[in-house]
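A closer look at the structure
Now for the letters of each chain:
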Amino acid sequence: MVNDLTKLRDDLGERGIDVLRVMFSDVLGIPRSKDILVSQLDKACHNGPAFSQGVWTTTTGGEFHEANGIASDGLQDFITQIVPGTISPLAWEPGVAYVVGDAFNPDGKPNMMSPRSVLQKVIESYHALGLHPVVGPELEFYIANQDEEGRFVRSLSQTGRVYMTGTLVDPDGDFLHLMRMLDNLNIGAFAGNHEFSPSQYEVNLWHSEALDAADRTFFFKTAVKDIIAKRGKHASFLGKPWSDEGGSGFHLHFSVTDADGINKMHDGRGNLSPAAKMLIAGITKHANALTAFTNPTVNAFKRLGPDTLAPYRSNWGYDNRSCMVRVPPERGQGTRLEIRVGDGAANPYLVIAAILAAGLDGIVNEMECPDDAVGMAYDNEGAEILPETFADALDALEKDDALRNQMSEELVNVFMVLKRDEIARYEAAVEDPSTRDVTDWEITEYAASY
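Residues numbered from 1 in each chain as written. Predicted model: local features only at pLDDT ≥ 70, side-chain atom pairs only at ≥ 80, totals over all residues. Heavy atoms only, no water.

Some details on the overall build of the chain
Selection rule: Numbering of helices and strands runs from the N terminus; a helix is a DSSP stretch of H or I covering at least four residues, while a strand is a stretch of E covering at least two. A 1.4 Å probe rolled over the protein chains alone gives each residue an accessible area, and that area as a share of the maximum for its type sets the label: buried under 20%, exposed over 50%, partly exposed in between. Should any heavy atoms of two residues lie within 4.5 Å, those residues are considered in contact. Areas reported as accessible are Shrake-Rupley estimates using a 1.4 Å probe. Residue values count occlusion only from the protein chains shown. Charge counting follows a simple rule: Lys and Arg are positive, Asp and Glu are negative, and His as well as the terminal groups are ignored. In plain terms, the charge of a residue is placed at NZ if it is Lys, CZ if Arg, CG if Asp and CD if Glu.
Looking only at helices and strands, the chain has twelve helices and 16 strands in total. Principal-axis analysis of the C-alpha atoms gives the chain an extent of 60 × 55 × 45 Å. Among the 450 residues that make up the chain, the fraction classed as buried is 58%. For the chain, the share of sequence-separated contacts (at least 6 apart) that also reach a separation of at least 24 residues comes to 72%. On the chain, roughly 18400 Å² of surface is accessible, and the fraction owed to carbon and sulfur atoms is 48%. Distance between charge centroids for the chain: 3 Å, based on 39 positive and 66 negative side chains.

Rendered as structure tokens:
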């Protein structure tokens, strides 16, 4: 280990990198990190940079909660081990590079409160079946200014500029600069455009093996906020930051291959394979619990609903964007599912882990796929309506033993404590908690962090 770290130290020095930012995702999806001086890398990372277990149960506002005995055990440490293959130099911070830190307990076992560890566990279950999950993320976000009173204000007001680029939708060049910086980060960003709502943008990332895609998405979200902040503005992936405009989604394209990379989602005759249909069956069966991870805020459920261009029922359809699961028209190696329910604020590791876990249950138990929805699927009464509140989604997750077991009871315990507290604080602060309008509480709680 010391020899490897010494070589890495020397290699990074030759590349002009003098600070390594060791990063991991907490349960909320917020990046936690420690900057390591590369000159001290062989010493500082020999036993792994350490962090307090308390970070897993810390809220966006800094309050600490008890779960899994973290407090009663004395706020013990966990350690991180850097994943050298994830090192990504930052063009906007010369001399600095991101690197993923994998979380382990002091005894060397994976820390199962870590979202990345949970995703690795689910992926290993696929490998045991000879399958390799491949995912491609699509995320939307807003760029905003802050006024003199600290309120977020959209950078643009003109509507109708979906699928546009250039000065009309990027007058200060912030998005163009962002695209160039992301290219230098080398995380697979390849295209981007202005989205449906004013000051809303989307960047496309290449698909890849599930863990790699999750790491790249984690870096992507972190980088977007960093880069835009250096421009004196604010980027937010919050699902519904304004009542009068559309929300920001996190769509996930999902397929499975064999060990040789051959797509197993089609039968060779233009039809979905049995494996693809079992994946759909698992995802739709576990849809209610799944939304707790894909839509993990009070705010997220104000984006969902009938006629919102976001899913409303646990259904699927061929090239049907009104469904929760869309099957794009490509076949052969391009055959895949698009799960459209995700919210921009969601933790990429947990979104991917939860979707994979739900699909895996469909394969393991050879579930029968429901009929596909045809036409606008909001009125497709043959499919159950998705949870309409975050509390309903958490209730569904508590009852879904299969999904929890496929993931991690330790992580679900932390997630429940944090999110039940979040709901309680929202209900105490807001006069009408059932309102579909975005409240000041949501902006204070979520906008800066997400």
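Brief notes about the pattern of salt bridges
Operational definition: Any Lys or Arg side-chain nitrogen located within 4 Å of an Asp or Glu carboxyl oxygen qualifies as a salt bridge.
A complete count under the given rule lists 28 salt bridges for this structure. Here Glu93 and Lys230 are joined by a salt bridge, their closest N and O atoms 3.6 Å apart. Highlighted residues: Glu93 in the loop between strand E5 (88–89) and strand E6 (96–104) and Lys230 in helix H5 (residues 210–230), separated in sequence by 137 residues. On the basis of relative accessible area, Glu93 is assigned to the partly exposed category, the value being 28%. According to the relative accessible area criterion, Lys230 is exposed, its value standing at 52%. For Arg321, the salt bridge goes to Asp319, with nearest N and O atoms at 3.9 Å. A relative accessible area of 39% places Asp319 in the partly exposed class. Connected through shared salt-bridge partners, Asp319, Arg321, Arg326, Glu338 and Arg340 make up one network.

Considerations on the pairing of E6
Keep this limit in mind: Think of it this way: DSSP has to see at least two bridges between two strands before they count as a pair.
Within E6, eight of the nine residues are buried, which leaves the element mostly enclosed by the surrounding structure. Note that strand E4 (residues 77–82) and E6 share four bridges and pair antiparallel. Across the sheet, residue Gln81 finds its bridge partner in E6, namely Asp102. Looking at chain direction, E5 and E6 are connected through two bridges and run antiparallel. Within E6, the position partnered with Pro89 by the bridge is Ala97.

A word on helix H3 (residues 115–127)
Our working definition: Residue count minus one, scaled by 1.5 Å, sets the expected span of a helix.
For H3, spanning 13 residues, the distance from its first C-alpha to its last is 19 Å, which sits close to the expected 18 Å at 1.5 Å a residue. Those residues of H3 lying buried are Pro115, Arg116, Ser117, Val118, Leu119, Val122, Ile123 and Tyr126.

Concerning the nonpolar core
Heads up, the rule is: For this analysis, a nonpolar core means a set of buried residues of the types Ala, Val, Leu, Ile, Met, Phe, Trp, Tyr and Cys, connected via side-chain atoms within 4.5 Å.
Counting 120 residues, the largest nonpolar core has Trp56, Phe141, Leu182, Phe220, Phe254, Ile283 and Leu356 as the members making the most contacts within it. When residues of this core are assigned to their parent elements, the largest contribution, twelve residues, is made by helix H8 (residues 348–364). With residues up to four places along the chain from it excluded, the contact list for Leu356 reads Leu119, Val122, Ile123, Tyr126, Pro133, Val135, Ala210 and Phe254.

Digging into the packing of helix H7 (residues 287–294) against helix H9 (residues 390–399)
Put simply, the rule reads: Axis angles are defined between N-to-C directions and span 0 to 180 degrees, where every axis is a line fitted to C-alpha atoms and, for a helix, only to the segment in contact. Relative orientations are named as follows: roughly parallel for angles under 35 degrees, roughly antiparallel for angles over 145 degrees, roughly perpendicular for angles from 65 to 115 degrees, and oblique for any other angle. By definition, any crossing whose near helix is turned counterclockwise from its far helix by less than a right angle is left-handed, and any crossing with a clockwise turn is right-handed. Each residue receives one of three labels: charged for Asp, Glu, Lys and Arg, nonpolar for Ala, Val, Leu, Ile, Met, Phe, Trp, Tyr, Cys and Pro, and polar for the others, Gly being one of them.
Where H7 meets H9, the closest approach of the two axes is 7 Å, and the angle between their N-to-C directions is 120°. Put simply, H7 runs oblique to H9. Judged by the twist between their axes, the crossing of H7 over H9 is left-handed. Along the contact surface, H7 presents Asn288, Ala289, Thr291, Ala292 and Phe293, while H9 presents Phe390, Ala393, Leu394, Ala396 and Leu397. Looking at the contact of H7 with H9, its residues break down into eight nonpolar, two polar and no charged.

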